[in-house]
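Report on the structure
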Amino acid sequence: MLTAARRTALGLLGLQLTVAIALSLVDSYRRRGKKPKAFPVTEPETVPVGGGMITTYTFGRDLYDDMLAAIDGAKKQILFETYIWKGDEIGWKFKTALTAAADRGVDVHCIYDGFANVVVSPAFKRFSPSLKVMRYPIWNAGIKFWDLRRYGRNHRKLLVVDEEVAFLGGYNIGSAYATEWRDTHVRISGPGVWDLKRAFADFWNLNRRRRLTRSERPLLIETASEWDPQIRIHRNIPRQWTFPIRSMYLEAINRASRNIWLTTAYFLPDQDFVDSLADAALRGVDVRILLPLKSNHIVADWISRGYYGQLLAAGVRILRFKDAMVHAKTATIDGSWATVGTANIDRLSLQGNYEINLEVIDPDFAAVMERVFRNDETNCLELTFDEWQARDLNRKFTESFLAPLRPLL
């Protein structure tokens, strides 16, 4: 009887995975040749925070121009880290700029994720010896396949130049992201830059190969120890079983008294996270979640809908960004707290991957994030509770059937 139960469970899981793969293939075919429509964006806006400045970007072309300008102006050191690094026009611009900086004597370190770039041309991934490049491996567990701490991907996107300026947020590197995706990134100066420099060095030293090759020697840095009470950098580190970004969100949500405006590309939280949002709405907080109407991962869309009923019933507003992929990972609360980073509201980001988020407690920056959110709202369709209740039986069945896959995402 036990064997039969196991076979049934494995068969059901196999069927669920088959359906998920089939949905992804059909969705990929339907998207072929289609271009996203124009969407509203905000101009880069800079505000003083603590001992530095923060500039917010919502359009990739604006961001890339400033990142490339910073690389071109580097004098001592560049620390560059990305999840996806496409071998297209924009990808080559960054590769060329980084190589030119290294050739003129700048110390350039680069990190990219091997799995995320498995389809990128091998020719693009051949780098000049002047660059120190770490390819985070596709398989990082080695023979320790049981060690869950080694399965996280490196999902971070970070650039630090000369301890003067740093960039952080949701943007990967590629031509499509320059104009077709709605994302959010920030540029910071001041003490926060030092924290991001330490974050890069810690990742490099934790994951480098232990061979004394030039490209993966230990990264030794010296940074000031000054603290900025308005800015904190939170890092998820699977190898150390450390996931503070989820706790950061939950603490802020549980303290909210006026509003919680959250934007995320993929919404697959655990039940405690859902309960915190619902509880906030029930105590009168204006809770809004802004998501893509259709993301680039259709299975994630189907699975995330399983949370909509309880959130809508509690009074949470669900806003769906149309005509383009919204990939931002941001939130602002009560006109004083905000975060921008790389972590989605899903299990992979909050309890699995290497991620990094900036937490800012400052009314001026929160006001910027509120303006960005309101601008995005103009391109959204709101999902009402009545509309949700009236969805057809086929949708209800598919959502329920795929629900067991939640822990995998």
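Note that this is a predicted model, so its numbers are computed, not measured.

1. Regarding a nonpolar patch on the surface
A cluster of nonpolar residues, Phe-115, Val-118, Val-119, Ile-138, Trp-139, Phe-145, Trp-146, Leu-148, Tyr-151 and Trp-241, forms a patch on the protein surface that exposes about 1,200 Å² of accessible area. Counting through the fold element by element, Leu-148 comes out in the loop between strand S5 (132-136) and strand S6 (158-161).

2. Let's talk about the sheet that holds S5
Judged by pairing direction, the sheet is mixed, and its eight strands sit side by side in the order S1-S2-S9-S7-S6-S3-S4-S5 without closing on themselves. Looking at strand neighbours, the two that pair on one side only are strand S1 (45-49) and S5, the edges of this open sheet. On average, each strand axis in the sheet is inclined to that of its neighbour by 15°, with strand direction left out of account. Summarising the sheet, strand S7 (residues 165-169) and strand S9 (residues 185-188) pair through four bridges and their orientation is antiparallel. What sits directly across from Ala-166, in S9, is Ile-188. With respect to the sheet, helix H2 (residues 60-72) is in contact with strand S2 (52-57), strand S3 (77-82), S6, S7 and S9, its orientation differing from that of S7 by roughly 145°.

3. Re helix H11 (residues 363-377)
It helps to recall that an α-helix has 3.6 residues per turn; residues three or four apart then point in one direction. Between its terminal C-alpha atoms H11 stretches 21 Å, which fits the 21 Å expected from 15 residues at 1.5 Å a residue. Here H11 has its buried residues at Phe-365, Ala-366, Val-368, Met-369, Glu-370, Val-372, Phe-373 and Asp-376. Measuring from the side-chain oxygen of the N-cap residue of H11 to the backbone nitrogen of Asp-364 gives 3.0 Å; that N-cap residue is Asp-362.

4. Here we look at the UniProt feature "domain: PLD phosphodiesterase" (unreviewed entry) in the protein
Mapped onto the present numbering, the UniProt feature "domain: PLD phosphodiesterase" (unreviewed entry) falls on residues 150-177 and 322-349. Here residues 150-177 is 11% helix and 32% strand, with 29 Å between the C-alpha atoms at its ends. For residues 322-349, the helix share is 11%, the strand share is 46%, and the end-to-end C-alpha distance is 24 Å.

5. Details of the nonpolar core
In this structure, Tyr-64, Ile-78, Phe-80, Trp-85, Phe-94, Leu-98 and Val-108 are the most contacted members of the largest nonpolar core, which totals 40 residues. Both domain 1 (45-228) and domain 2 (239-408) contribute no fewer than three residues apiece to this core. Excluding residues that lie within four positions of it along the chain, Leu-98 makes contacts with Ile-71, Ile-78, Phe-80, Trp-85, Val-108, Cys-110 and Leu-131.

6. A word on the pattern of salt bridges
Note on pairing: side chains with opposite charge can pair once their charged atoms come close. One pass over the full model with this rule turns up 18 salt bridges. With a closest N to O distance of 2.7 Å, Lys-132 and Asp-107 form a salt bridge. Residue Lys-132 is found in strand S5, and its partner Asp-107 is found in strand S4 (residues 107-113); the two are separated by 25 residues along the sequence. A residue is classified by how much of its surface remains accessible, and Asp-107, at 21% relative accessible area, is partly exposed. The salt bridge partner of Glu-382 is Arg-317, with a shortest N-O separation of 2.9 Å. You can see Glu-382 sitting in strand S20 (residues 380-383) and its partner Arg-317 sitting in strand S14 (residues 317-321), a full 65 residues away along the chain. The network of salt bridges with shared partners includes Arg-246, Asp-270 and Asp-272.

7. Overview of the pairing of S4
Summarising burial for S4: six of the seven residues are buried, a large majority. Across six bridges, S3 lies against S4 in parallel orientation. Paired with Ile-78 across the strands is Val-108, a residue of S4. Since S3 and S4 lie parallel, the crossover through helix H3 (residues 89-103) that links them has a hand, and here it is right-handed.

The rules behind these values
- Residues numbered from 1 in each chain as written.
- Predicted model: local features only at pLDDT ≥ 70, side-chain atom pairs only at ≥ 80, totals over all residues.
- Heavy atoms only, no water.
- Patch = residues over 30% accessible without salt bridge, like charges linked within 9 Å, V, L, I, M, F, W, Y side chains within 5 Å.
- Areas by Shrake-Rupley, 256 points an atom, 1.4 Å probe, with all protein chains shown as cover.
- Salt bridge = Lys/Arg side-chain N within 4 Å of Asp/Glu carboxyl O.
- Helix = DSSP H or I, 4+ residues; strand = E, 2+ residues; numbered from the N terminus.
- Pairing = 2+ DSSP bridges.
- Axes fitted to C-alpha atoms, helices over the stretch in contact; angles between N-to-C directions.
- Contact = heavy atoms within 4.5 Å.
- Expected span 1.5 Å × (residues − 1).
- Buried < 20%, exposed > 50% of the residue type's maximum accessible area, 1.4 Å probe, protein only.
- Polar contact = N/O pair within 3.5 Å; in protein donor to acceptor, adjacent residues only side chain to side chain.
- UniProt positions renumbered as here; feature names shortened; annotations may be inferred.
- Core = buried A, V, L, I, M, F, W, Y, C linked by side-chain atoms within 4.5 Å.
- Domains from an automatic or database assignment.
- Right-handed = clockwise from strand over helix to strand, strands pointing away.

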